[in-house]
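# Results of the structural survey
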Amino acid sequence: MTTQTQQTARPAAQQQGSHHFVLTLQKPHGQGSITATFANTFTPRPGDTRADLYEVLRKEITQAHPELADANVMFFALEPNGL
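Here the structure is a predicted model, which is why all the values come from computation and not from measurement. (Residues numbered from 1 in each chain as written. Predicted model: local features only at pLDDT ≥ 70, side-chain atom pairs only at ≥ 80, totals over all residues. Heavy atoms only, no water.)

## Section: the overall build of the protein chain
Put simply, the rule is: Helix and strand labels come from DSSP, where a helix needs a run of H or I of at least four residues and a strand needs a run of E of at least two; each type is numbered from the N terminus. Only protein chains enter the area calculation, which uses a 1.4 Å probe; residues under 20% of their type maximum are buried, those over 50% are exposed, and those in between are partly exposed. In what follows, a contact means two residues having at least one pair of non-hydrogen atoms within 4.5 Å. Methods summary: accessible areas were calculated by the Shrake-Rupley approach with a probe of 1.4 Å, and residue burial reflects only the protein chains presented.
Secondary structure summary: the protein chain contains 1 helix and 4 strands in total. Beginning at the N terminus, the succession of helices and strands in the protein chain can be written as β-β-β-α-β. For the protein chain, buried positions account for 29% of its 83 residues. A sequence separation of at least 24 residues applies to 66% of the contacts in the protein chain between residues at least 6 apart. When the accessible surface of the protein chain is summed, it comes to about 5,500 Å², and 51% of that surface belongs to carbon and sulfur atoms.

## Looking at the pairing of strand β2 (residues 19-29)
The line we're drawing: Strands are treated as partners if at least two bridges between them are detected by DSSP.
Bridge count between β2 and strand β3 (residues 32-42): 11 bridges; the pairing is antiparallel. Bridge pairing in β3 places Phe21 opposite Asn40. Linking β2 back to β3 in an antiparallel pair, the connection comprises 2 residues, with Gly30 at a positive phi of about 60°. Where β2 lies against strand β4 (residues 72-80), 8 bridges are found, and the strand directions are antiparallel. In the sheet register, His20 faces β4, and the bridge partner there is Glu79.

## Section: helix α1 (residues 50-64)
Here is the rule we go by: In this scheme, a helix's expected span is set at 1.5 Å multiplied by one less than its residue total.
Helix length check: α1, at 15 residues, gives a terminal C-alpha distance of 21 Å against a target of 21 Å (1.5 Å per residue), a fit within 8%. Here α1 has its buried residues at Leu53, Val56, Leu57, Arg58, Ile61 and Thr62. Those residues of α1 hidden inside the fold are in contact with β2, β3 and β4.

## Thoughts on the pattern of salt bridges
Note the following rule: The term salt bridge refers to a side-chain nitrogen of Lys or Arg lying within 4 Å of a carboxyl oxygen of Asp or Glu.
Evaluated as defined, the whole model comprises 2 salt bridges. Asp70 is the partner of Lys27 in a salt bridge, and the nearest nitrogen-oxygen pair spans 3.0 Å. Of this pair, Lys27 sits in strand β2 while Asp70 sits in the loop between α1 and β4, and the two are 43 residues apart along the sequence. Its relative accessible area of 22% is what places Lys27 among the partly exposed residues. Residue Asp70 is classed as exposed on the basis of its relative accessible area, which comes to 56%. A salt bridge links Arg45 to Asp48, with the nearest nitrogen and oxygen atoms 3.3 Å apart.

## Observations regarding the side chain of Thr35
To be explicit about the condition: Think of a polar contact as two N or O atoms within 3.5 Å of one another; within protein, one of them needs to be a possible hydrogen donor and the other a possible acceptor, and neighboring residues in sequence only count if both atoms come from side chains.
With respect to the helices, strands and loops of the structure, Thr35 is situated in strand β3. Polar side-chain contacts of Thr35 include one of 2.9 Å to the side chain of Gln26.

The values are spatial; any link to function lies outside them.
Structure (C-alpha cells):
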C-alpha cells in the first residue's frame with residue numbers, strides 16, 4: 001500500500017483562514033491504494049455553505065493532483081479555526 005500526505009488550499013493569504021479543514025482521499029492503485037490527506041486553513045466567501053466549501057476544496061485538490069480526481073472521500077472535516 002502506498003500512502004501520501006500533502007497539503008493544499010486557496011492561494012496564500014496574509015492572515016490565517018477562519019476555518020480549518022482536513023480532507024482524506026483514497027483510490028485503488030495496483031494491488032494497494034493511494035491515500036492522501038490534505039489539511040490547511042481556509043476563509044469562505046460570504047454566503048458559502050459547508051457543501052460549497054467541500055466542492056471547492058475537492059475541486060482545487062483534484063486539479064492540483066489529477067490522479068485523485070475519482071478518489072473516494074474517506075474523511076472530511078471543516079471547523080471554525082479558533083480555540
